[in-house]
Amino acid sequence: MKTYQIGIVGYGGFGKFLHHWWNTLATVKVAAASDGRFEDELTGEFRKYNKWEDLIADDDLDIVSIATPPAFHVKIACAAMRSGKHVLLEKPVAITVKEAETLRQVQHETGKVIMVDHMLRYNPIIKALIKLSKEETFGKLRHAIVSNYAQDESLPAEHWFWDKEVSGGIFIEHGVHFFDIINALTDQKFTKVYGASHGRNEQQVDQVSAMVLYNEGLIASHYHSFSGPGFFEETTIRLMYDLAKVEIKGWIPMSGSIKVLANAATREKLNHIPGLKIINAEQISGLVDVSRPEGWGDTSATDNVSIKAGGLDYQADEMISAEFEITQSKSEIYGHCLKSIIYDLITKIENPSHQLNVTLDDAIESLKIAELAEKQ
Ligand SMILES: NC(=O)c1ccc[n+]([C@@H]2O[C@H](COP(=O)([O-])OP(=O)(O)OC[C@H]3O[C@@H](n4cnc5c(N)ncnc54)[C@H](O)[C@@H]3O)[C@@H](O)[C@H]2O)c1
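Residues numbered from 1 in each chain as written. Predicted model: local features only at pLDDT ≥ 70, side-chain atom pairs only at ≥ 80, totals over all residues. Heavy atoms only, no water.

Draft legend 1. Fine view of the overall build of the chain. From N to C terminus, the chain includes 10 helices and 17 strands. Taking the principal axes of its C-alpha atoms as reference, the chain extends roughly 80 × 50 × 40 Å. Across the 376 residues in the chain, those meeting the buried criterion constitute 51%. Looking at the chain alone, contacts between residues at least 24 apart form 70% of all its contacts between residues at least 6 apart. When the accessible area of the chain is evaluated, it comes to approximately 17500 Å², of which 51% is carbon and sulfur surface. (Helix = DSSP H or I, 4+ residues; strand = E, 2+ residues; numbered from the N terminus. Buried < 20%, exposed > 50% of the residue type's maximum accessible area, 1.4 Å probe, protein only. Contact = heavy atoms within 4.5 Å. Areas by Shrake-Rupley, 256 points an atom, 1.4 Å probe, with all protein chains shown as cover.)

Below, the structure written as structure tokens:
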């Protein structure tokens, strides 16, 4: 595999983080970066451009990574593809669906590969759950609850994050990560979106909530706040399947727990979840269904392995409680995701029939949900 030359447009907090992790790969080299704060400097460890137009005109680059604030994403990505570069675009793909559609058009015209950095799909816990969920290992996914309590200490009132014209607002700037994950866990399509929000003042809308309904009954509720101290920062994703309750912890998912009604096939598949440790396993035949209080008809132990849920029949013989945890650090896992997505993009460049783990269409789908939530 050749060494791909990358140029990063937007060399702020995240642009530098991308550089840090891609530096550890042999298949890519960050050869240039552009930022409005740079003076042009075409020698040194990497070429520095003040204007992004000069970076995308750099003939030695194969891939342009765009890590500017969201409002600039589409213009720079379209220009990069038109100047013959493949693109890794930061999320959100755009701040409006209309703008995002032009990316599809330019991608079609130029034939370049474009990916959007929904890097959470490469997190080992999320990846395993997407696979198990799509295979309906735990039956139907009925309810998803995303709760994200984020800090705002590093987001002063004048930060672009609070300016909807630049960021699109919390649903678009941040919520898209989680709309995308829930979309990835199911083959269902969203049908309705309800949104609500609260601002501490006119500019700083710091709490948002959305309910997303899907065509086969999945209801997802999303809450994001950027209004607390770092000490209380907490993100959880709870997933309620017919046969399992899953809780995933961490904005970069690092650990969690699962309680599952299992059969032999499920037990085998549970091993896909990284760092899984079984805490308890009991035969269902010995368990009492706690939904019916004592004295209420028949509360005797279940005598067979047939489970009914949502009008469907399942087979299970064991109730398993387990915990899972990734042993690497948060930064290493984040880095793993960023390396995996660039590797996915390069594989697609080399082999056009390669199926990307996350596509432009996926990114636009999550933006559609975010835009509908934002409009309300
Ligand atoms: N995928 C992820 O996990 C993840 C994580 C963090 C941030 N992001 C995304 O990365 C992007 C940047 O976020 P950040 O936190 O690094 O912001 P930031 O403010 O730290 O950095 C943005 C940089 O872009 C530069 N810039 C602004 N406009 C520019 C332009 N027109 N041309 C060239 N440079 C320009 C700024 O000078 C700044 O250095 C956002 O889209 C954000 O959503 C993604």
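Draft legend 2. Representation of the pattern of salt bridges within the structure. Evaluation of the coordinates by the stated rule reveals 24 salt bridges. Between Arg47 and Asp58 there is a salt bridge, with its nearest N and O atoms 2.8 Å apart. One end of the pair, Arg47, is in strand E3 (residues 47-49); the other, Asp58, is in the loop between helix H2 (52-56) and strand E4 (63-66), with 11 residues separating them in the sequence. Using a relative accessible area of 6% as the deciding quantity, one classes Asp58 as buried. One salt bridge connects Glu374 with Lys164, and the closest N-O pair in it is separated by 2.7 Å. Pair noted here: Glu374 is in helix H10 (residues 360-375) and Lys164 is in helix H6 (residues 164-167), with a separation of 210 residues, a long-range link. For Lys164, a relative accessible area of 40% translates into the label partly exposed. Salt bridges sharing common partners tie together Glu101, Arg104 and Asp361. (Salt bridge = Lys/Arg side-chain N within 4 Å of Asp/Glu carboxyl O.)

Draft legend 3. Representation of H10 within the structure. With 16 residues, H10 extends 22 Å from end C-alpha to end C-alpha; this agrees with the ideal 22 Å at 1.5 Å per step. Residues of H10 that are buried: Leu360, Ala363, Ile364, Ser366, Leu367, Ile369, Ala370, Glu371, Ala373 and Glu374. Check the buried side of H10 and you find it contacts helix H4 (97-110), strand E6 (114-116), H6, helix H7 (170-185), strand E8 (190-199) and strand E9 (205-214). (Expected span 1.5 Å × (residues − 1).)

Draft legend 4. Expanded view of the sheet that holds strand E14 (residues 277-283). One open sheet holds the 9 strands; their spatial order is E8-E9-E10-E7-E11-E12-E13-E17-E14, and the pairing between them is mixed. The open sheet has two edge strands, E8 and E14, and neither has a second partner. Between one strand axis and the next, the sheet turns through 10 degrees on average, direction left out of account. Of the strand pairs in this sheet, strand E13 (residues 255-262) and strand E17 (residues 318-325) are connected by 8 bridges, and their pairing is antiparallel. Paired with Ser255 across the strands is Glu325, a residue of E17. Here H7 sits on the sheet in contact with strand E7 (141-151), E8, E9, strand E10 (219-228) and strand E11 (234-241), set at roughly 25 degrees to E9. The sheet strands contacting H10 are E8 and E9, and the helix crosses E8 at an angle near 50 degrees. (Pairing = 2+ DSSP bridges. Axes fitted to C-alpha atoms, helices over the stretch in contact; angles between N-to-C directions.)

Draft legend 5. Summary view of the packing of helix H1 (residues 13-22) against helix H9 (residues 330-350). H9 packs onto H1 with a crossing angle of 80 degrees between their chain directions and a minimal axis gap of 9 Å. Taken together, the axes of H1 and H9 are roughly perpendicular relative to one another. Residues Phe14, Phe17, Leu18, Trp21 and Trp22 of H1 form the contact with H9, whose participating residues are Ser331, Glu332, Tyr334, Gly335, Leu338, Lys339 and Ile342. Looking at the contact of H1 with H9, its residues break down into 8 nonpolar, 2 polar and 2 charged. (Parallel < 35°, antiparallel > 145°, perpendicular 65-115°, else oblique. Nonpolar A, V, L, I, M, F, W, Y, C, P; charged D, E, K, R; others polar.)

Draft legend 6. Focus on the site of the ligand. Surveying the vicinity of the ligand reveals 24 residues, the closest of which are Phe14, Asp35, Trp160, Glu173 and Tyr334. Within the backbone of Gly13, one N or O atom sits 3.0 Å away from an oxygen atom of the ligand. Note that an oxygen atom of the ligand is positioned 2.4 Å from one of the side-chain N or O atoms of Glu173. When the ligand sits alone it has 850 Å² of accessible area, and the protein chains cover 80% of it. If you list the elements that add at least two residues to the shell around the ligand, you get H1 and H7. By residue class, the composition of the shell around the ligand is 11 nonpolar, 7 polar and 6 charged. (Near = heavy atom within 4 Å. Polar contact = N/O pair within 3.5 Å; in protein donor to acceptor, adjacent residues only side chain to side chain.)

Draft legend 7. Region of the structure containing the packing of aromatic side chains. Under the criterion given, the structure shown has 13 aromatic pairs. Between Tyr149 and Tyr223 the ring centres are 5.5 Å apart and the planes differ by 45 degrees, which places this aromatic pair in the tilted class. With Tyr149 in strand E7 and Tyr223 in strand E10, this pair connects stretches of sequence that are 74 residues apart. Classification of Tyr149 by relative accessible area gives partly exposed; the value is 37%. A relative accessible area of 22% means that Tyr223 is categorised as partly exposed. In textbook terms, an aromatic cluster arises when at least three aromatic residues are bridged by ring pairs, as seen for Phe14, Phe17, Trp21, Phe178, Trp251 and Tyr334. (Phe/Tyr/Trp six-rings, centres within 6.5 Å; stacked < 30°, edge-to-face > 60°.)

Don't take any of this as a statement about function, it's just geometry.
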